[in-house]
Amino acid sequence: TRFDRVGQITDTAHSVPQAASFKAKRKVFIAGSSWPADEELISQFINEHPNQNWCYIIAPHEIHESHLRNIEDQFTTSIRHIRFSQIGNEPLSKFDVLIIDNFGMLTSLYAYGDIGYIGGGFGKSIHNTLEAATFSMPVIFGPKFHKFREAKDLIDFGGGFTIDNYQTFEKLLTSLMVNSAKRLQAGETAGIYVRENRGAVDFILSCIEKQLNSLLAKV
């Protein structure tokens, strides 16, 4: 039923005008439910690879002030970043990084992504890969993914990628950003995987209905 639930996200996702303005004509790397270990990799990449064609949305798992400041402090002075709550009248397209400091927006924000990163893989375990995959984008995550069949499937089918250090992350992300054909193919594979596994709810209800009818026929 996880597939049915995330499949509904694409049908009910709310538009986020601020995200659209931030993206403008650029591609978006979006990190969902990130933890400090994830953010260290991401910030290092952003600092070392400035690219006017790409921008970054970071939605941390925790949004207390000290964590938000820690994220901001990792960027060099040349990287322009802004928190969602601090958006004013300035053109958002002038910023490189948008930090989401509220809850409840992530599933809708994925609709604006071109590459997804799922946090938690350097801690206990990754968060939900399907919420990003349903929007037909390749998903990247750390090494702690083995509890989830869908993460393994995404890797096997070519829609998901795992990394275990900065070097593998840098190589993979650079490849996906530069090679648009590879990125689009991986994203389409991820989206197809989610769509083809939908329907569990209808199947379960159908089985229950058959069993009930069978029992009623014996009464």
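Scroll up to find the structure.
Fair warning: this is a prediction, and the values are worked out from it, not measured in the lab.

All right, on to helix α7 (residues 149–157) then. Among the residues of α7, Glu150, Ala151, Asp153 and Leu154 are the ones counted as buried. The buried residues of α7 occupy an angular sector of 160 degrees when the element is viewed end-on, so they sit on one face. The positive-phi residue at the C-terminal boundary of α7 is Gly158, with phi of around 100 degrees.

Spatially, seven strands are ordered β3-β4-β2-β1-β5-β6-β7 in an open sheet, and the strand pairing comes out parallel. The open sheet has two edge strands with one neighbour each: β3 (81–83) and β7 (160–162). Between one strand axis and the next, the sheet turns by 20 degrees as a mean value, whatever way the strands run. One ladder, built from seven bridges, connects strand β1 (residues 27–34) with strand β2 (residues 54–60); its direction is parallel. Each bridged residue has a counterpart across the sheet, and for Ser34 the counterpart in β2 is Pro60. α7 rests against β6 (139–141) and β7 of the sheet, and its axis sits at about 100 degrees to β7.

All right, on to the packing of aromatic side chains then. Counting across every chain of the model gives seven aromatic pairs. Aromatic side chains Phe157 and Tyr193 sit 5.6 Å apart centroid to centroid with 55 degrees between the ring planes, which places their arrangement in the tilted category. Note that Phe157 is positioned in helix α7 and Tyr193 in helix α9 (residues 180–196), a separation of 36 residues in sequence. Ring pairing ties together the aromatic residues Phe29, Phe45, Tyr56, Tyr117 and Phe169, which thus form one cluster.

It is worth spelling out the pattern of salt bridges at this point. Under the criterion given, the structure shown has eight salt bridges. The partner of Asp114 in a salt bridge is Lys23, and the shortest N-O contact between them spans 3.3 Å. Of the two residues, Asp114 sits in the loop between α5 (106–109) and β5 (115–118) while Lys23 sits in helix α2 (residues 17–23), which places them 91 residues apart along the sequence. Glu65 is the partner of Arg83 in a salt bridge, and the nearest nitrogen-oxygen pair spans 2.9 Å. Taken together, the residues span a long stretch of sequence, with Arg83 in strand β3 and Glu65 in helix α4 (residues 65–73) at a distance of 18 residues. Classification of Arg83 by relative accessible area gives buried; the value is 8%.

Basis of the calculations
Residues numbered from 1 in each chain as written. Predicted model: local features only at pLDDT ≥ 70, side-chain atom pairs only at ≥ 80, totals over all residues. Heavy atoms only, no water. Buried < 20%, exposed > 50% of the residue type's maximum accessible area, 1.4 Å probe, protein only. Helix = DSSP H or I, 4+ residues; strand = E, 2+ residues; numbered from the N terminus. Arc of directions from axis to C-beta. Pairing = 2+ DSSP bridges. Axes fitted to C-alpha atoms, helices over the stretch in contact; angles between N-to-C directions. Contact = heavy atoms within 4.5 Å. Phe/Tyr/Trp six-rings, centres within 6.5 Å; stacked < 30°, edge-to-face > 60°. Salt bridge = Lys/Arg side-chain N within 4 Å of Asp/Glu carboxyl O.

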